[in-house]
Amino acid sequence: SQKIEQNSEALNIQEGKTATLTCNYTNYSPAYLQWYRQDPGRGPVFLLLIRENEKEKRKERLKVTFDTTLKQSLFHITASQPADSATYLCALGSGTYKYIFGTGTRLKVLA
Amino acid sequence: DGGITQSPKYLFRKEGQNVTLSCEQNLNHDAMYWYRQDPGQGLRLIYYSQIVNDFQKGDIAEGYSVSREKKESFPLTVTSAQKNPTAFYLCASSTPRGGYSYEQYFGPGTRLTVT
């Protein structure tokens, strides 16, 4: 069955460092992959989308890579700030209206 | 101010009662979705609708029902047949482009507690 894996353990990093989050998937061939941010008790907020034919996408301090051979996406936050502390979800989509979401990785940036 | 609203934010019900969660959007999006989120789990799709008067079951539709009579509204009813209804419910919408549905816009969520 289709499966998405994100590191369930919280990631703690020091302010100013680069945070790297991983999203691995199996038994799926997504046309695109998305990253969302979710704060406690709130709905997710869309951050970035990367298509299967794109290797890398950037937006301000955010960078996403997509390796369809490894079936993996990496999400980077450079110059991290305490305000970046949240849970980050990856989601896969194909040529339908359905998405598959990972469980999310909780990031804590320490001042 | 465009967005998705869900009401209420917290909902408490007794076991055996049906309850309806509201979801309204003014983004003019065609597609709407309902997800359920439990601690330590990803979002699981309950139902989705691509257009008015049409909707499809997601991965965990048993015990739930929906309607899509208006483009702006997609209410979810949690019936007494749902075995574990206590959860955080999220509504989302998106607009398709080129046959794909891209980023989703989520509401603030409704936390349902059934005792």
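Here is what the cut-offs are and how they apply
Residues numbered from 1 in each chain as written. Chains lettered and ligands numbered in written order. Predicted model: local features only at pLDDT ≥ 70, side-chain atom pairs only at ≥ 80, totals over all residues. Heavy atoms only, no water. Phe/Tyr/Trp six-rings, centres within 6.5 Å; stacked < 30°, edge-to-face > 60°. Helix = DSSP H or I, 4+ residues; strand = E, 2+ residues; numbered from the N terminus. Buried < 20%, exposed > 50% of the residue type's maximum accessible area, 1.4 Å probe, protein only. Lys NZ or Arg CZ within 6 Å of the ring centre and 35° of its normal. Contact = heavy atoms within 4.5 Å. Buried area = accessible area lost by both parts, 1.4 Å probe. Polar contact = N/O pair within 3.5 Å; in protein donor to acceptor, adjacent residues only side chain to side chain. Nonpolar A, V, L, I, M, F, W, Y, C, P; charged D, E, K, R; others polar.

One pair of aromatic rings is described through two measures. These are the centre distance and the angle between the planes. On inspection of all chains with the given rule, the structure shows 16 aromatic pairs over all chains. Seen from their ring centres, F101 of chain A and Y35 of chain B are 5.4 Å apart, and the 80° between their planes marks the pair as edge-to-face. Placement of the pair is F101 of chain A in strand β10 (residues 99–101) and Y35 of chain B in strand β4 (residues 31–37), with the two residues belonging to separate chains. A relative accessible area of 7% places F101 of chain A in the buried class. Y35 of chain B sits in the buried class, given a relative accessible area of 0%. Taken together, a centroid distance of 6.2 Å and an interplanar angle of 15° make the contact between Y33 of chain B and Y48 of chain B stacked. One end of the pair, Y33 of chain B, is in strand β4; the other, Y48 of chain B, is in strand β5 (residues 44–51), with 15 residues separating them in the sequence. In this structure, Y33 of chain B and Y48 of chain B share a single accessibility class: buried. Through successive ring pairs, a cluster of aromatic residues spans Y32, Y36, F46, Y99 and F101 of chain A together with Y33, Y35, Y48 and F106 of chain B. Taking the ring centre of F74 of chain B as reference, the NZ or CZ of R68 of chain B above it sits at 6.0 Å.

The next subject is the interface of chain B and chain A. Accessible area lost when the parts come together is the quantity often used to give the size of an interface. Counting residues at the interface gives 27 residues for chain B, matched by 22 residues for chain A. Buried surface at the junction of chain B and chain A, both sides included, amounts to about 1,900 Å², of which 59% is carbon and sulfur. The interface formed by chain B and chain A includes three residue pairs in polar contact (both at pLDDT 80 or more). When residues of the side of chain B that touches chain A are traced back to their parent elements, those giving at least two are β4, β5, β9 (87–94) and β11 (100–101) of chain B. For the side of chain B that touches chain A, the leading source of residues is β4 of chain B, giving four residues. A breakdown of the residues in the side of chain B that touches chain A according to their chemical character gives 13 nonpolar, 10 polar and four charged.

This brings us to unusual backbone geometry. The peptide bond linking S7 of chain B to P8 of chain B adopts the cis configuration, its omega dihedral lying at -10°. Phi at K71 of chain A is positive, roughly 60°, even though this residue is not glycine. Inspection of the secondary structure assignment puts K71 of chain A in the loop between β7 (62–67) and β8 (72–77). For K71 of chain A, a relative accessible area of 29% translates into the label partly exposed. With a phi close to 45°, A79 of chain A is a non-glycine residue in the positive phi region. The partly exposed category is assigned to A79 of chain A, whose relative accessible area is 39%.

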